[in-house]
Amino acid sequence: QQIGEVNTRNFDLGLRYQFTFNFRRNAKLNPQAGISLLSRYQRQYTDPSIPVSYPRKYNRLDSRVSICPQLRYNISTRFFVDISLPVDVLHFGSAFQTIYNPNIPKRQQRNGGSEFYTMPDWNDSWHLRLGAGLKF
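What you are looking at is a predicted structure, and each value in this text was computed from that prediction instead of being measured. (Residues numbered from 1 in each chain as written. Predicted model: local features only at pLDDT ≥ 70, side-chain atom pairs only at ≥ 80, totals over all residues. Heavy atoms only, no water.)

Engineer: Account for the environment of glycine 113, naming residues and giving values.
Structural biologist: Within the element layout of this structure, glycine 113 appears in strand S6 (residues 110-118). Under the relative-accessibility criterion, glycine 113 is labelled partly exposed at 35%. Spatially, the C-alpha atoms of glycine 113 and serine 94 are 5.6 Å apart, while their sequence positions differ by 19 residues. (Helix = DSSP H or I, 4+ residues; strand = E, 2+ residues; numbered from the N terminus. Buried < 20%, exposed > 50% of the residue type's maximum accessible area, 1.4 Å probe, protein only.)

Okay, here's the thing in structure tokens:
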């Protein structure tokens, strides 16, 4: 049995935008509600060192829309900390994979698809976000 290694290169880039409504703007403790959009791009290239597996490239582009209840504490007029519990309501994206197998035609080396979920991952995972900010 051959034992080999797999060299993997990963790239992951995300951009999140959030619009927030303040319930008590000038108070020290400010409850807030917001909606956010997280767009993310992932790329992975895997190169095995053994001949029984083939190199592969994986690309994924997805977005998540979340409702974000949060609590902000204003330490001073310019500095604050907050805690948020983003809850995903929509998740959509596409993923494509290319397996560089020279034994099959090029058009069969690539596969992929798209997905769309409403209320995803409610039973599997919850995210807690802690943050700090500086107002300009």
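There is more to say, and it comes next.
Engineer: Can you explain the pairing of strand S3 (residues 56-74)? Please cite residues and give values.
Structural biologist: Here strand S2 (residues 29-48) runs beside S3; their pairing, made up of 18 bridges, is antiparallel. Across the sheet, the residue bridging to leucine 29 is tyrosine 73, located in S3. One ladder, built from twelve bridges, connects S3 with strand S5 (residues 87-99); its direction is antiparallel. In the strand pairing of S5, lysine 57 is matched with threonine 98. In sequence, S3 turns back onto strand S4 (residues 79-84) through a hairpin of four residues. (Pairing = 2+ DSSP bridges.)

Engineer: Before we move on, could you go through the pattern of salt bridges and cite the residues and values that matter?
Structural biologist: Opposite charge on two side chains lets them pair, provided their charged atoms get close. Applying the stated criterion across every chain, the model contains four salt bridges. In this structure, arginine 60 and aspartate 62 form a salt bridge, with 3.5 Å as the shortest nitrogen-oxygen distance. With relative accessibility at 4%, the residue aspartate 62 sits in the buried group. For glutamate 115, the salt bridge goes to arginine 60, with nearest N and O atoms at 2.4 Å. Of the two residues, glutamate 115 is situated in strand S6 and arginine 60 in strand S3; the sequence distance between them amounts to 55 residues. Using a relative accessible area of 13% as the deciding quantity, one classes arginine 60 as buried. In the salt-bridge network here, residues are joined through shared partners; they are Arg40, Arg60, Asp62 and Glu115. (Salt bridge = Lys/Arg side-chain N within 4 Å of Asp/Glu carboxyl O.)

Engineer: Could you give an account of a positive patch on the surface, naming the residues involved and the relevant values?
Structural biologist: A contiguous patch of positive charge, built from Arg9, Arg43, Lys57 and Arg110, is present on the exposed surface. As for its position among the elements, arginine 9 is in strand S1 (residues 6-22). Exposure remark for arginine 9: the relative accessible area of 58% places this residue in the exposed category. (Patch = residues over 30% accessible without salt bridge, like charges linked within 9 Å, V, L, I, M, F, W, Y side chains within 5 Å. Areas by Shrake-Rupley, 256 points an atom, 1.4 Å probe, with all protein chains shown as cover. Lys, Arg positive; Asp, Glu negative; His and termini not counted. Charge placed at Lys NZ, Arg CZ, Asp CG, Glu CD.)

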